[in-house]
Amino acid sequence: MAGYLPEQALQPLIYDIGAPGRSGVNLPECDVPRATLPAELTRDDLPLPEVGEVQVVRHFVKLSQLNYSIDQGLYPLGSCTMKYNPKINEDAARLPGFAQLHPLTDESGAQGALFLMHELQGWLGEISGFEAVSLSPAAGAQGEFAGILMIRQYHIDRGEGQRDIILVPNSAHGTNPATVTMAGMEVRELPADAQGNVDMRALHAACEGDLRDRIAGMMITVPSTLGLFESTILEVIETVHDAGGLMYMDGANMNALMGVVKPGELGFDVMHYNLHKTFSTPHGGGGPGSGAVGVNEKLKPYLPGPIVEVVAEEDGDTPPLYGFVMPEKSIGRMKAFHGNFGMHLRAYAYIRVYGDSGIRDVTRYAVLNANYLRARLMRSYRVPYPRYCGHEFVLEGHIEGVDEVHALDISKRLMDYGFHPPTNYFPLIVPEALLIEPTETEVKEDLDAFVEAMERIAEEARTEPETLLNAPHTAPVRRLDEVRAAKELVLCCAPALPSYS
Ligand SMILES: *Cc1c(COP(=O)(O)O)cnc(C)c1O
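Scoring rules and cut-offs
- Residues numbered from 1 in each chain as written.
- Predicted model: local features only at pLDDT ≥ 70, side-chain atom pairs only at ≥ 80, totals over all residues.
- Heavy atoms only, no water.
- Pairing = 2+ DSSP bridges.
- Helix = DSSP H or I, 4+ residues; strand = E, 2+ residues; numbered from the N terminus.
- Contact = heavy atoms within 4.5 Å.
- Axes fitted to C-alpha atoms, helices over the stretch in contact; angles between N-to-C directions.
- Parallel < 35°, antiparallel > 145°, perpendicular 65-115°, else oblique.
- Left-handed = near helix turned anticlockwise from the far one by under 90°.
- Core = buried A, V, L, I, M, F, W, Y, C linked by side-chain atoms within 4.5 Å.
- Buried < 20%, exposed > 50% of the residue type's maximum accessible area, 1.4 Å probe, protein only.
- Near = heavy atom within 4 Å.
- Polar contact = N/O pair within 3.5 Å; in protein donor to acceptor, adjacent residues only side chain to side chain.
- Areas by Shrake-Rupley, 256 points an atom, 1.4 Å probe, with all protein chains shown as cover.
- Nonpolar A, V, L, I, M, F, W, Y, C, P; charged D, E, K, R; others polar.
- pLDDT = per-residue confidence, 0-100.

**Student:** Honestly, the sheet that holds strand S11 (residues 423-424) in this entry has me stumped. Any pointers?
**Tutor:** Either a parallel or an antiparallel arrangement is found when strands of a sheet pair, and the pairing is made through backbone hydrogen bonds. Strand order in the open sheet formed by 3 strands is S10-S12-S11, with antiparallel pairing between adjacent strands. Two strands in the sheet have a free side with no partner beyond their single neighbour: strand S10 (393-396) and S11. Sheet topology places S11 next to strand S12 (residues 433-436); 2 bridges connect them, and they run antiparallel. What sits directly across from Thr-423, in S12, is Leu-435. Relative to the sheet, helix H11 (residues 341-377) contacts S10 and S12, its axis offset from that of S10 by approximately 20°. Docked against the sheet, helix H12 (residues 407-416) engages S11 and S12, running at close to 40° with respect to S12.

The structure is reproduced here in structure tokens:
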């Protein structure tokens, strides 16, 4: 067993419970002739557990309870938008007519699904002020990749293929520079100024200097990953446009804007949405996502396909006919079939249930909750950018005079108080960063309980720092080798099963 698991198993492995002859299934009498399988296809040396139904149920329910989840409490993991996912979304996603629709079903037999995708494309375009939307990218990072490929192709088609530099602020999410590099372009990093905005002098220098003809565009997150709205955003957009570049907005933080600000109207050319963040969907553990992209008129022909369009207008009693269309100069497909349709369904249900004023309220409460936490926590922690934030904010996980306590220790101690830790050490430009995003779905009592835990931890840091350094004390496991756990993922707890090779 891998070394990052505790010496003592938390509960017996399923292989170690049960007894010979116990069974959790009750199969009907065999009503077909029995046959003997060839010996090379069978084996009897598999140490399979023999357990009854009750044991199996209890075993897996207990295991599931070892995991913290949004259904248990506050999950303030900044940048990830871990909000409560309405259960009605799950009902919608499980409707058999949708869930059992085969992706190769003929379009005429999938009109309901196509209608839903068409509606969602339209709503997302409306929310962000874009001309057209493609739902095909499977994650935020893939939406970014699609967006940068579109920008690249746009320049190539205009005979400006030499434009190969994308400006990226140094607070950016790691996927931004990775995307630029994967698209064969070059990253030019821009510093932040003292208020946390993009340093305008550096931006002007980049856009008006020798590299002007190589500027392909800029990728920027609004509000930034510091949780701050770029107060100079209009000047940023104008400066990059004047240099001939296009503007990419990382829209992962749309829950601080929707219903209030439309990026398309600010002047952005392309943006991705994280449907699994802003528009809800369970997305811990790397589950499926959706990184839909929206574009303005300039980039519309380049959208990844297929997108859904009305291919035959409504005619009397005949409803309109929807079909999949590949945009004229499409950069191609990002994913097999039509994207993660289950996510489209959930986002559709979410937007439809909230409606336009509800969507605006989501933003207002997300921003209000974050500012409430920020204002209260500023009394016990240092907040490097003490101004109104969007839906999240950064504080420094460092207690004055207690140098041995780090952000990580504060996070680990939070677990003892029953909270999921915030995001640690991101954005990189803030030392000991704790990025806190409460989301709109928390009520004041829960926010207050979080503040109280954070205040007590600050006090403990001064009076009994070892309590923090050894935390968590109540979690099933203590400190893990997180790098190894991520790089050498062990998904099977079976005791050395014989290999099948
Ligand atoms: C989450 C996030 C991304 C990446 O989205 P994925 O769906 O995880 O690929 C990009 N940028 C920001 C700011 C994010 O928060």
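**Student:** Which parts of the structure should I look at to understand the packing of H12 against helix H13 (residues 444-463)?
**Tutor:** If you want to describe how two helices pack, look at the angle between their axes and the distance between the axes. The geometry of H12 relative to H13 is characterised by a closest axis approach of 10 Å and an angle of 125° between their N-to-C directions. On the basis of the axis angle, H12 is oblique to H13. Taken as a pair, H12 and H13 cross one another with a handedness that is right-handed. Facing Ile-410, Arg-413 and Leu-414 of H12, the residues of H13 in contact are Phe-450, Ala-453, Met-454, Ile-457 and Glu-460.

**Student:** Please explain the nonpolar core as it appears in this structure.
**Tutor:** Within soluble globular proteins, side chains that are nonpolar generally end up buried alongside one another. Counting 53 residues, the largest nonpolar core has Leu-124, Leu-167, Leu-203, Met-218, Phe-268, Tyr-273 and Phe-279 as the members making the most contacts within it. Counting only elements with at least two residues in this core, the list comes to helix H4 (111-128), strand S2 (165-169), helix H7 (200-208), strand S4 (215-221), helix H8 (233-242), strand S5 (246-251), strand S6 (270-273) and H11. Here this core gets 8 residues from one element, more than from any other, and that element is H11. When sequence neighbours within four positions are dropped, the list of residues in contact with Tyr-273 reads Leu-124, Gly-125, Ser-128, Phe-130, Val-133, Gly-251, Phe-279, Ser-290, Gly-291, Ala-292, Val-293 and Gly-294. Membership of the second largest hydrophobic core comes to 27 residues, among which are Leu-373, Val-383, Phe-419 and Ala-461.

**Student:** How should I be thinking about the environment of Ala-243 in this particular structure?
**Tutor:** Checked against the element boundaries, Ala-243 lands in the loop between H8 and S5. For Ala-243, a relative accessible area of 3% translates into the label buried. Ala-243 sits 158 residues away from Gly-401 along the chain, and the two C-alpha atoms are 48 Å apart. In this structure, Ala-243 is in contact with Arg-163, Cys-207 and Arg-212, ignoring residues within four places of it in sequence.

**Student:** Before we go on, may I ask you to explain the site of the ligand in this structure?
**Tutor:** Neighbouring the ligand are 14 residues, the closest being Ser-79, Gly-140, Asp-250, His-276 and Lys-277. Between Ala-141 and the ligand, the recorded distance is 2.8 Å, taken from a backbone N or O atom to an oxygen atom. One nitrogen or oxygen atom from the side chain of His-276 is found 2.7 Å from an oxygen atom belonging to the ligand. When the free accessible area of the ligand is taken as 390 Å², the share hidden by the protein chains comes to 87%. Elements with a contribution of two residues or more to the shell around the ligand: helix H5 (140-157) and helix H10 (275-278). Element by element, the count of residues in the shell around the ligand is highest for H5, at 3 residues. Among the residues forming the shell around the ligand, the class breakdown is 3 nonpolar, 8 polar and 3 charged.

**Student:** Any chance you could explain the sheet that holds S2 here in plain terms?
**Tutor:** The 7 strands lie next to each other as S1-S7-S6-S5-S4-S2-S3, forming an open sheet whose pairing is mixed. Sheet topology places strand S1 (132-134) and strand S3 (186-190) at the edges, where each strand pairs with a single neighbour. Shown here is a sheet whose adjacent strand axes are inclined to one another by a mean of 25°, direction ignored. Where S2 lies against S3, 5 bridges are found, and the strand directions are parallel. Bridged to Val-168 within S3 is Glu-189. Docked against the sheet, H4 engages S1 and S6, running at close to 120° with respect to S6.

**Student:** Is there a simple way to think about the confidence of the model for the protein in this case?
**Tutor:** It should be kept in mind that the predicted coordinates are not to be read in detail where pLDDT is low. Predicted confidence across the protein gives a mean pLDDT of 93, with 96% of residues reaching 70 or more. Note on residues 1-9: pLDDT is under 50 here. Beyond four places in sequence and across chains, it has 12 contacts.

**Student:** It is not clear to me how the environment of Thr-225 should be interpreted in this structure. Could you clarify?
**Tutor:** Within the secondary structure, Thr-225 is located in the loop between S4 and H8. Sequence separation of Thr-225 and Gly-196 is 29 residues, and the distance between their C-alpha atoms is 9.9 Å. Apart from the residues lying within four places of it in its own chain, the contact partners of Thr-225 are Ser-171, Ala-172, His-173, Asn-253, Glu-392, Phe-426, Pro-427 and Leu-435. For Thr-225, the side chain forms a polar contact with the main-chain oxygen of Ser-171, separated by 2.3 Å.

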